[in-house]
Amino acid sequence: MKRLWLVLALSILASACNLVATATPTLAPTPTPADDLAIYRVALTAPAQNDLALLDRPTRYSLTLTYDPATLTLSGSEEARYFNRQTAPLGEIYFRLFANYPDAGGKITVTRLTVDGVGVTPVLEAQNTALRVPLDKPLAPNASANLRLEFAVSVPRNGKAHYSDFTASDTITTLPTVYPLIPAYDAAGWHIELPPPYGDLVHADVSLYAVTLTVPSNLVVIASGSTTATRDNGNGTTTWQLVGAPMRDFDFNLTRQLRKDSAVVGETTINAWFEPADAEGGKQALQFAQDAFQVYAKRFGAYPYRELDVVETPTTAAGIEYPGVIVINRALYQDRRAQDNLEFTIGHEVAHQWWYGTVGGDQVNDPWVDEALAQYSTLIYFEDRHGSAAGQFILRNVFQSLYNRARNNGRDAAVNQPVSAFDESDYSAIVYDKGPLFYDAIRKKMGDAKFFKFMRTYYERFRYQIAFPEDILKTAEDACACGLQSEYQQWILSPAAK
Ligand SMILES: [Zn+2]
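Every chain begins its residue count from 1, and numbering advances along the sequence as written. Thresholds applied to this predicted model are a pLDDT of at least 70 for local features of residues and 80 or more for the giving and counting of side-chain atom pairs; totals over whole chains, interfaces and linings are not thresholded and use all residues. Only hydrogens and water are set aside when side-chain values are computed; all heavy atoms of the structure are taken into account.

Engineer: Looking at this structure, how should I read the domain arrangement of the protein chain?
Structural biologist: Often, the extent of an interface is quoted as the loss of accessible area upon association of its parts. A domain assignment, automatic or from a database, supplies the domain bounds used here. Its domain assignment divides the protein chain into domain 1 (20-54 + 258-358), domain 2 (57-213) and domain 3 (368-493). On a C-alpha basis, the centroid separation for the pair domain 1 and domain 3 is 23 Å. Both faces considered, domain 1 and domain 3 share a buried interface measuring about 2300 Å² in area, 60% of it formed by carbon and sulfur atoms. For the domain 1 face of the interface with domain 3, the top three residues by lost area are R299, F344 and W355, together amounting to 31%. Any carboxyl oxygen of Asp or Glu within 4 Å of a side-chain nitrogen of Lys or Arg constitutes a salt bridge here. Remark: the boundary between domain 1 and domain 3 carries three salt bridges. Buried surface area refers to the total accessible area, computed with a probe of radius 1.4 Å, that the two partners give up upon joining, counted for both partners together.

Right, dumping it as structure tokens:
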């Protein structure tokens, strides 16, 4: 996520926008019938075809959904096969119900819940954003349970909560994590804490998704993963089949108004979706996304999915990341003076496909793990795209300047804290502006060759996993064969909480 910067003038002129010719998506390889993972591989590029073998028994979601715009209701069924990957039995499994987030104006109701075919009465917790599913018989290590449920989500019209990310607006209906999602489980137990109204909500493991979504035929579905088929039902509705894997969430957007421009980079199709009046901003968004994508693929490692959508929405954040989808504030397309802000925001959100989408982190408790690196990656993008002076400008006039302002106001704090430890303004200054200064410090100490070796190793080692703060430090120290404790202490751990 990136907060909207109300006042930020980067004196960097984007170079002329050379739109790469629109191309049709590459056809996916034909699945092998005997291979039950084949349906998911359709969403992966050829070099990533074996990536599913890296996963330790991921949850398999199967969603069958219908959206009715007359009642603003998404309803249907979900099946989730969940494996206990822990060493102790589990007495319960949780789902997150983020559509019930307080004051969001929406609601999700779960009915007919069964575990391995037997009806279970679940319990709402965490202000109705968590659903506890008690298990009659504890789920043994390595065993799996098949959870099935039906649910209905009412979508708020012009929803205002949480950056207006969950809303039926005039141009688009945005549906982030609206289905019941099994949260991460680790040494701290089930992650069912209620996140603050700023920052990101989801902390989940990568999973395998197969989705069937029926919508009125005049709506286009923009979602995580790839569309494998569409079927006109002959009754005014169309059914979309989608798959995504390995993905830690599945995002949906529905629109009849947005237009699309596309470009192909390697085997990945990047789609920019924009309002008809914002075609110029849409073209620029596509160019920025392509450029950022190429910089990160070269610097960090390959993007494994066949599709990436960049979508203009009414969000009040500058942008928000989802696996395979980023949404960008429409004001950045409409205000031509905001061009630098559009470029920075797209650089940041595209970087989240590497840091969050692929290498996961606990977005609620360790937000700096993905956010500080998405910020520093944006500096790298500006440096590679516009020259080292552009990177230095961001370092000084954005990160150092905004952090120094907070520090001079007596608001310095340790970066390594949960979102809830900060108010919204400090969250931005400390995590988004001080956090990247750690990367600048270790890059200066390591030198570029070892720093980028660290970046590539971190991506390779933790892709599809959850990375913790100490993983970053250890991987960087491994890469330089040097100690980085003093930089970590200075930029991440200090000052100690009062
Ligand atoms: Zn972010």
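Back to the text.
Engineer: Explain the nonpolar core to me, please; I cannot follow it from the model alone.
Structural biologist: Nonpolar side chains in soluble globular proteins tend to end up buried together. Counting residues in each nonpolar core, the largest one holds 166 residues, and the members touching the most others are F252, W355, W368, Y439, F451, F454 and Y458. Any two residues whose heavy atoms approach within 4.5 Å at even a single point are treated as in contact. Dropping the residues within four chain positions of it, Y458 is found in contact with W355, V359, V369, L373, R463, A467, I472 and T475. Each nonpolar core is a collection of buried residues, namely Ala, Val, Leu, Ile, Met, Phe, Trp, Tyr and Cys, held together in the definition by side-chain atoms within 4.5 Å. Accessible area is worked out with a 1.4 Å probe on protein chains only. A residue is then buried under 20% of its type maximum, exposed over 50%, and partly exposed in between.

Engineer: I keep staring at the packing of aromatic side chains and nothing clicks. Help me out?
Structural biologist: Note on aromatic pairs: the rings of Phe, Tyr and Trp (six-membered ring only in Trp) are paired at centre separations within 6.5 Å, and the planes decide the class, stacked below 30 degrees, edge-to-face beyond 60, tilted for the rest. Counting across every chain of the model gives 33 aromatic pairs. Ring centres of W368 and Y488 lie 6.2 Å apart, and the angle between their planes is 55 degrees; on these two criteria the pair is classed as tilted. Separated by 120 residues along the polypeptide, W368 in helix 6 (residues 368-386) and Y488 in helix 11 (residues 485-493) bring together distant segments of the chain. Judged on exposure class, the residue W368 and its partner Y488 are both buried. When the ring of Y458 is compared with that of F462, the centres are 5.6 Å apart and the planes differ by 50 degrees; the resulting orientation is tilted. A residue pair is termed a helical-turn pair when its members lie 3 or 4 positions apart in one helix, as Y458 and F462 do in helix 9 (residues 448-462) at four residues. Helix and strand assignments follow DSSP, with helices taken as H or I runs no shorter than four residues and strands as E runs no shorter than two, numbered in order from the N terminus.

Engineer: Sorry if this is basic, but what is going on with helix 5 (residues 339-351) here?
Structural biologist: A turn of α-helix holds 3.6 residues, and therefore any two residues three or four places apart point the same way. Relative to the 18 Å expected for 13 residues at 1.5 Å per residue, helix 5 spans 18 Å between its end C-alpha atoms, a close match to the ideal helical length. For helix 5, a buried count of 13 out of 13 residues is recorded, marking the element as mostly surrounded by other parts of the structure. Every helix has an expected span of 1.5 Å times one less than the residues it contains.

Engineer: Would you mind going over the sheet that holds strand 6 (residues 123-125) with me for this structure?
Structural biologist: The strands making up a sheet associate through backbone hydrogen bonding, with each pair oriented either parallel or antiparallel. DSSP-based pairing: two strands are paired if at least 2 bridges between them are found. In spatial order, the strands read 3-7-6; together these three strands make up an open sheet with antiparallel pairing. Each having just a single partner strand, strand 3 (90-96) and strand 6 make up the two edges of the open sheet. Shown here is a sheet whose adjacent strand axes are inclined to one another by a mean of 35 degrees, direction ignored. Bridge count for strand 6 against strand 7 (residues 130-139) is three bridges, and the pairing is antiparallel. By the bridge assignment for strand 7, V123 is matched with R132. Angles shown run from 0 to 180 degrees and are taken between the N-to-C directions of axes, each axis being a line fitted to C-alpha atoms and, for helices, limited to the stretch in contact.

Engineer: What is the right way to read the pattern of salt bridges from this model?
Structural biologist: Within the structure shown, the criterion is met by 23 salt bridges. Residue D36 pairs with R60 through a salt bridge whose shortest N-O separation is 3.2 Å. Of the two residues, D36 sits in the segment before helix 1 (38-41) while R60 sits in strand 1 (residues 60-68), which places them 24 residues apart along the sequence. The residue R112 makes a salt bridge to E150 at a minimum N-O spacing of 3.4 Å. Of this pair, R112 sits in strand 4 (residues 107-115) while E150 sits in strand 8 (residues 144-154), and the two are 38 residues apart along the sequence. Relative accessible area serves as the criterion here: at 62%, R112 is assigned to the exposed category. Here the salt bridges share partners, and the residues they tie into one network are D51, E460 and R463.

Engineer: Honestly, the state of the cysteines in this entry has me stumped. Any pointers?
Structural biologist: One way to say it: the disulfide is the covalent bond shared by the sulfur atoms of two cysteines. Counting rule for disulfides: a pair of cysteine sulfur atoms within 2.5 Å. One pass over the structure, following the stated rule, counts one disulfide. Sulfur-sulfur distance for the disulfide between C480 and C482 comes to 1.9 Å. Here the S-S torsion is close to -85 degrees, and the disulfide linking C480 with C482 is therefore left-handed. C480 gets classed as buried once you look at its relative accessible area, which sits at 5%.

Engineer: How should the environment of L242 be read in this particular structure?
Structural biologist: With respect to the helices, strands and loops of the structure, L242 is situated in strand 16 (residues 237-247). In this structure, the C-alpha to C-alpha distance between L242 and A277, residues 35 residues apart in sequence, is 29 Å.

Engineer: What should I look at first to understand the side chain of S262 in this one?
Structural biologist: Along the polypeptide, S262 turns up in strand 18 (residues 259-265). Overall, the relative accessible area of 3% leaves S262 in the buried class. Within the structure, S262 has its side chain in polar contact with the side chain of N271 (distance 2.6 Å). The definition of a polar contact used here is a pair of N or O atoms within 3.5 Å, where within protein one atom must be able to donate a hydrogen and the other to accept one, and adjacent residues in sequence count solely through side-chain atom pairs.

Engineer: Mind showing me how you'd approach the packing of helix 8 (residues 424-446) against helix 9 here?
Structural biologist: In a packed pair of helices, the relevant descriptors are the angle between the two axes and the axis-to-axis distance. Where helix 8 contacts helix 9, the axes come no closer than 6 Å and their chain directions differ by 125 degrees. Considering their axes alone, helix 8 and helix 9 lie oblique with respect to each other. As for the relative orientation of helix 8 and helix 9, their crossing is right-handed in sense. Between helix 8 and helix 9, the contacting residues are Y439, I442, R443 and M446 on the first element and D448, K450, F451, F452, F454 and M455 on the second. Just so you know the grouping, Ala, Val, Leu, Ile, Met, Phe, Trp, Tyr, Cys and Pro go in nonpolar, Asp, Glu, Lys and Arg go in charged, and all remaining residues, Gly too, go in polar. For the contact of helix 8 with helix 9, the class distribution of residues is seven nonpolar, no polar and three charged. For classification, angles of less than 35 degrees are called roughly parallel, those exceeding 145 degrees roughly antiparallel, those between 65 and 115 degrees roughly perpendicular, and all remaining angles oblique. A crossing counts as left-handed when the near helix is turned anticlockwise from the far one by less than a right angle, and as right-handed when that turn is clockwise.

Engineer: Please explain the side chain of S169 as it appears in this structure.
Structural biologist: The residue S169 is located in the loop between strand 9 (167-168) and strand 10 (173-175) in this model. The class of S169 is buried, set by a relative accessible area of 14%. At a separation of 2.8 Å, a polar atom in the side chain of S169 contacts the main-chain carbonyl oxygen of I172. The residues contacting S169, other than those within four sequence positions of it, are N158 and P314.

Engineer: I tried to follow helix 9 on my own but got confused; where do I start?
Structural biologist: For helix 9, spanning 15 residues, the distance from its first C-alpha to its last is 21 Å, which sits close to the expected 21 Å at 1.5 Å a residue. The secondary structure elements touched by the buried residues of helix 9 are helix 3 (279-299), helix 6, helix 8 and helix 10 (469-480). Positive phi appears at Y464, one or two residues downstream of helix 9, with a value of about 70 degrees.

Engineer: Looking at this structure, I do not really get the environment of T111. What am I missing?
Structural biologist: Mapped onto the fold, T111 is located in strand 4. Each C-alpha atom, one on T111 and one on A152, is 8.5 Å from the other, the two residues being 41 residues apart in sequence. If near-sequence neighbours (up to four positions away) are discounted, T111 is found in contact with L149 and E150.

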